[in-house]
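Descriptive structure summary
Single-letter residue listing:
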Amino acid sequence: MAQPQQAQPPKHFPVSWDQFHRDARALVWRLASAGPFQAIVCVTRGGLVPAAIVARELNIRLIETVCVASYSHTTQGQLKVLKGVADSIVAIGGGRGKGVLIVDDLVDTGKTAKVVREVLPEAHFATVYAKPMGRPMVDTFITEVSQDTWIFFPWDTGLAFQPPIHGSDS
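Here's what I pulled together on the structure shown here. (Residues numbered from 1 in each chain as written. Predicted model: local features only at pLDDT ≥ 70, side-chain atom pairs only at ≥ 80, totals over all residues. Heavy atoms only, no water.)

The subject of this paragraph is the overall build of the protein chain. The helix and strand inventory of the protein chain stands at five helices and eight strands. When the helices and strands of the protein chain are read in sequence order from the N terminus, they spell out β-α-β-α-β-β-α-α-β-α-β-β-β. Counting only residues that meet the buried cut, the protein chain has 44% of its 170 residues in that class. Contacts spanning at least 24 positions in sequence make up 61% of the contacts within the protein chain whose residues lie at least 6 apart. For the protein chain, the accessible area works out to roughly 9,700 Å², and carbon and sulfur atoms hold 55% of it. (Helix = DSSP H or I, 4+ residues; strand = E, 2+ residues; numbered from the N terminus. Buried < 20%, exposed > 50% of the residue type's maximum accessible area, 1.4 Å probe, protein only. Contact = heavy atoms within 4.5 Å. Areas by Shrake-Rupley, 256 points an atom, 1.4 Å probe, with all protein chains shown as cover.)

This next bit is on the packing of aromatic side chains. Within this structure, the stated rule accounts for seven aromatic pairs. Considering the side-chain rings of tyrosine 129 and phenylalanine 153, the 5.9 Å spacing of their centres and the 50° angle between planes classify their relative orientation as tilted. Taken as a pair, tyrosine 129 in strand 6 (residues 124-130) and phenylalanine 153 in the segment after strand 8 (149-152) lie far apart in primary sequence, 24 residues in all. Given the relative accessible area of 0%, tyrosine 129 is considered buried. A relative accessible area of 1% places phenylalanine 153 in the buried class. Ring centres 4.9 Å apart and planes at 10° place the aromatic pair phenylalanine 153 and tryptophan 155 in the stacked group. (Phe/Tyr/Trp six-rings, centres within 6.5 Å; stacked < 30°, edge-to-face > 60°.)

As a further point, take helix 1 (residues 17-31). Between its first and last C-alpha, helix 1 extends 21 Å over 15 residues, near the 21 Å set by a 1.5 Å rise per residue. All of the buried residues along helix 1 are Phe20, Asp23, Ala24, Leu27, Val28 and Leu31. All buried residues of helix 1 lie within an arc of 150° about the axis, which places them on one face of the element. Exposed side chains of helix 1 directed beyond 90 degrees from the buried face belong to Asp18, Arg22 and Trp29. (Expected span 1.5 Å × (residues − 1). Arc of directions from axis to C-beta.)

Function cannot be inferred from these measures alone, as they are strictly geometric.
So, in structure tokens, the structure goes:
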């Protein structure tokens, strides 16, 4: 989620637990006709929460993780696969991922999605949110936000004052 250098601060998009749950369920409605899926691979850590919601709603019990590190707080660095996908999941669909659903919270630049897609090229990739650079890497998403928007997910935030978008006149 690296933000481009610009004169004005990036846009902020805070997401509440309620909103995230509604958006994840909306994703499920879109995915319902895209299956059937035999397994979910969630991209950790951001994909854990939406994957749990999707798994519940689609009654999928076989859930795997792929662990990719690319961010240090708000700066995207080199990608590092910390844990790959189990061979038994890769073997689904003839070893190309057909019948596997990949779930993440957000596709930003598409770099993480590209790494996961290389392992499961025929899997269906779904994210709750998408930015323009990464959007071509996913099959299904709910909300597109601009590339210069930073999404504050509910698991990363607490209740705090939010300054007005246009600043203050005082």
